Amino acid sequence: MVGMYFGLVQRLCEDRRNVSRDLRGREGLVKSTCGWDYECLHSAIEEAAKLSELLHDLKKTYPPGRLLTAAAELAPYESDALTAFKARPRAVVLPESAEEVVTTVRACYRHGVPFMARGSGTSLSGGSLPVEDGVVIGLNRLNRILRIDPRERVAVVEPGTINLKVSEAVEPYGLYYAPDPSSQLICTIGGNVAFNSGGAHCLKYGMTANHVLGIQAVLPDGELAEFGSESLEGVGPDLSGFFVGSEGLFGIALEITLRLLPRPERYHTVLAAYDSLECAGDAVSLVVASGLLPGAMEIMDRLAIEAAEAAVDAGYPKGAAAVLIVELEGPTEEVEAERLRLLELIKTSGASEVIEAENEEERVRIWKGRKSAFSAAGRLSPDFLVQDGVVPRGRLGEALRKIEELGSSHGLRVANVFHAGDGNLHPLILYDGRVDGELERAEELAGEILRLCVGLGGSITGEHGVGVEKIAYMNDMFSTEDIDAMKRIRAAIDPCELANKGKMLPEGEPPAMKFHGPHPLEREGRISRE
């Protein structure tokens, strides 16, 4: 029967009407052998035919090395950084120009095949998980910095440009690009735009949306659109801000105009050790309440410290339950005055040890430990889930204490490393996927942490996005009316729901609020476990 099925697909591409008649005549045989009725099988064959026709069109644009369809070629694209789940696309294309991206999107729209744009695949929420049997548009080769204007302090870049490369390129002009996700060595500006990424210094400077002035994009139907401009003062609605954080549902950014900032005259980094995680969280509230606005405030707990020390030997205090990293930046006189005030506050907060970076080498060493925390977690456990909830700063200590209690009740270790200044938590839930039931327990714990954040007046995501991982919790945070409004906006831009289908917005009945057994998207057949 398998041979007959593929034979029918091949014949369908040649003469769809005749195959339909053949299937109708064999309906009884198909149903008794495969358990499918005629309509179900015919629908599957129609989908296969659309894909076949699309691939035929794509071959006109892409040579074999840039149109990937073999199983071994597709395997690296089956997951993003949320590695617990995977889905196999039908094809991956590797465009080298904006024109090729537009041609691909228009072909997908013409044939009704879903597509997804992908950069470095560093999404921690499954946001760049492929659409099953859809097309992945890999943007890494669109990595050019098209223009730098030091006087206007803007840079125009392609979506595959690596985040850190922007700051490196504009450093000779005394400028830099402020958003600095932990993955800035590899993550792309296009991905940062899709998920409104932040980073350690978003406390003072804001998220990606605060640094994107304009976007040229291709919409899901292949139409080209321009949002915003090079000016800091826009006219009318903030359409570039509307596009940022849409997780690929509104199309693909082709050119992004970035706002650049003058490089601070001086940095001063302080690391304080605490005997409890809750005490470190309370210290953050104390600093913010004082009126100080540091460039960054980060917290790492005992497990995260252990991992970072093993990975990069950052020199963090031994035996500390938590460390707080605070970085001041700005004019030298201002930083010096703030430094004295900060040291007073840290002393008042009950820090057991305080380390001040005396030079750039020591500053880089402190930050190297923090930036390596996610990858270093692999030294503690074969698998981990990273969450991304947000709580009000005034309730940070309470949230950390409750997360610790939740981890104990589930029998799982949780390493905490996060952007403390804006309450953006990143608990790393450690588990072993080889042990039956541990992934499910980790997912259930992750869900309880997200509901805790919402209950404390926060959010289910600060910068990682909803992706596929947090769809089940959208109804905890938003009303039915809120979600319906989001869906209407999406339908106005992409009525066929082809762009990054299945991400962010719940479809149909809300998924179960607790994960027992298959993930909600597994039950829908969109993703599968490794």
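Report on the accompanying structure.

So, how was this worked out
Residues numbered from 1 in each chain as written. Predicted model: local features only at pLDDT ≥ 70, side-chain atom pairs only at ≥ 80, totals over all residues. Heavy atoms only, no water. Helix = DSSP H or I, 4+ residues; strand = E, 2+ residues; numbered from the N terminus. Buried < 20%, exposed > 50% of the residue type's maximum accessible area, 1.4 Å probe, protein only. Areas by Shrake-Rupley, 256 points an atom, 1.4 Å probe, with all protein chains shown as cover. Polar contact = N/O pair within 3.5 Å; in protein donor to acceptor, adjacent residues only side chain to side chain. Contact = heavy atoms within 4.5 Å. Pairing = 2+ DSSP bridges. Expected span 1.5 Å × (residues − 1). Salt bridge = Lys/Arg side-chain N within 4 Å of Asp/Glu carboxyl O. Axes fitted to C-alpha atoms, helices over the stretch in contact; angles between N-to-C directions. Parallel < 35°, antiparallel > 145°, perpendicular 65-115°, else oblique. Left-handed = near helix turned anticlockwise from the far one by under 90°. Nonpolar A, V, L, I, M, F, W, Y, C, P; charged D, E, K, R; others polar. Phe/Tyr/Trp six-rings, centres within 6.5 Å; stacked < 30°, edge-to-face > 60°.

What about the overall build of the chain?
Right, so step 1: Scanning the chain from terminus to terminus reveals 20 helices and 20 strands.
Right, so step 2: Looking at the chain as a whole, 53% of its 530 residues are labelled buried.
Right, so step 3: Of the roughly 22,300 Å² of accessible surface on the chain, 51% is carried by carbon and sulfur atoms.

Comments concerning the side chain of R66
Right, so step 1: Structurally, R66 can be placed in the loop between helix 4 (38–58) and strand 1 (67–68).
Right, so step 2: On the accessibility criterion, R66 (11% relative accessible area) is buried.
Right, so step 3: A distance of 2.8 Å separates a polar atom in the side chain of R66 from a polar atom in the side chain of E100.
Right, so step 4: Residue contacts for R66: discarding those within four places in its chain leaves T61, V92, V93, L94, P95, E96, E100 and R141.

Looking at the pairing of strand 5 (residues 135–138)
Right, so step 1: The alternating pattern of strand 5 places V135 and I137 on one face and V136 and G138 on the opposite face, and all of these are buried.
Right, so step 2: Sheet topology note: the strand 3 (residues 91–93)/strand 5 ladder contains 3 bridges and is parallel. Across the sheet, the residue bridging to V93 is I137, located in strand 5.

Describing helix 17 (residues 438–455)
Right, so step 1: Between its first and last C-alpha, helix 17 extends 25 Å over 18 residues, near the 26 Å set by a 1.5 Å rise per residue.
Right, so step 2: Along helix 17, the residues classified as buried are E438, L439, A442, E443, E444, L445, A446, G447, I449, L450, L452 and C453.
Right, so step 3: Taken from the residues just after helix 17, G457 is the one with a positive phi, measuring 95°.

Focus: the pattern of salt bridges
Right, so step 1: Counted according to the given criterion, the structure contains 26 salt bridges.
Right, so step 2: In this structure, E158 engages R144 in a salt bridge whose closest nitrogen and oxygen atoms are separated by 3.0 Å. Here E158 is found in the loop between strand 7 (154–157) and helix 7 (163–170), whereas its partner R144 is found in the loop between strand 5 and strand 6 (145–149), with 14 residues between them in sequence.
Right, so step 3: On the basis of relative accessibility, which here comes to 5%, the residue E158 falls in the buried class.

Concerning the sheet that holds strand 6
Right, so step 1: The sheet built from 5 strands is open, its strands ordered 6-7-11-9-10 with antiparallel pairing. Of all the strands in the sheet, the pair left with one neighbour each is strand 6 and strand 10 (224–228). Strand-to-strand twist across the sheet, computed as the mean angle between neighbouring axes with direction ignored, equals 10°.
Right, so step 2: Most of the contacts of helix 7 go to strand 6, to which it runs at about 40°, and overall it touches strand 6, strand 7 and strand 11 (252–259).

A look at the environment of A49
Right, so step 1: Among the structural elements, A49 can be located in helix 4.
Right, so step 2: Its relative accessible area of 0% is what places A49 among the buried residues.
Right, so step 3: Sequence-wise, A49 and H111 are 62 residues apart; in three dimensions their C-alpha atoms are separated by 9.5 Å.

Overview of the sheet that holds strand 1
Right, so step 1: In spatial order, the strands read 1-3-5-4; together these 4 strands make up an open sheet with mixed pairing. Two strands in the sheet have a free side with no partner beyond their single neighbour: strand 1 and strand 4 (115–118).
Right, so step 2: Of the strands in this sheet, strand 3, strand 4 and strand 5 are in contact with helix 6 (residues 98–111), which crosses strand 5 at around 170°.

Quick word on the pairing of strand 10
Right, so step 1: Both strand 9 (residues 212–218) and strand 10 contribute to a ladder of 5 bridges, which runs antiparallel. For V218, the partnering residue across the bridge sits in strand 10 and is L224.
Right, so step 2: In sequence, strand 9 turns back onto strand 10 through a hairpin of 5 residues, with G222 there showing a positive phi of about 95°.

Concerning the side chain of Q184
Right, so step 1: The topology assignment puts Q184 in the loop between strand 8 (175–176) and helix 8 (189–195).
Right, so step 2: With residues up to four places along the chain from it excluded, the contact list for Q184 reads I162, N163, L164 and K371.

Thoughts on the packing of helix 11 (residues 277–289) against helix 16 (residues 396–410)
Helix packing for two helices is described by the angle between their axes and how far apart those axes are.
Right, so step 1: It is at 7 Å that the axes of helix 11 and helix 16 come closest, and there the two elements cross at 160°. Relative to helix 16, helix 11 is oriented roughly antiparallel. Regarding helix 11 and helix 16, the two cross each other, and that crossing is right-handed. The residues of helix 16 that touch helix 11, namely those facing L277, E278, G281, D282 and V284, are L396, G397, E398, L400 and R401.
Right, so step 2: Per-class residue counts for the contact of helix 11 with helix 16 are 4 nonpolar, 2 polar and 4 charged.

Quick notes on the packing of helix 16 against helix 17
Right, so step 1: Running from N to C, helix 16 and helix 17 cross one another at 155°; their axes reach a closest spacing of 10 Å. Classified by the angle between their axes, helix 16 and helix 17 sit roughly antiparallel to one another. In this structure, helix 16 crosses over helix 17, and the sense of that crossing is right-handed. Between helix 16, through A399, K402, I403, L406, G407 and H410, and helix 17, the contact on the second element is made entirely by R441, E444, L445, E448, I449 and L452.
Right, so step 2: Per-class residue counts for the contact of helix 16 with helix 17 are 6 nonpolar, 2 polar and 4 charged.

Comments concerning the packing of aromatic side chains
Right, so step 1: Overall, the coordinates contain 3 aromatic pairs when judged by the stated rule.
Right, so step 2: Each ring, one from F227 and one from F243, has its centre 5.7 Å from the other, and the planes form 35°; the classification is tilted. Here F243 lies in helix 10 (residues 239–243) and F227 lies in strand 10, a separation of 16 residues in the sequence. Both residues of the pair, F227 and F243, count as buried.

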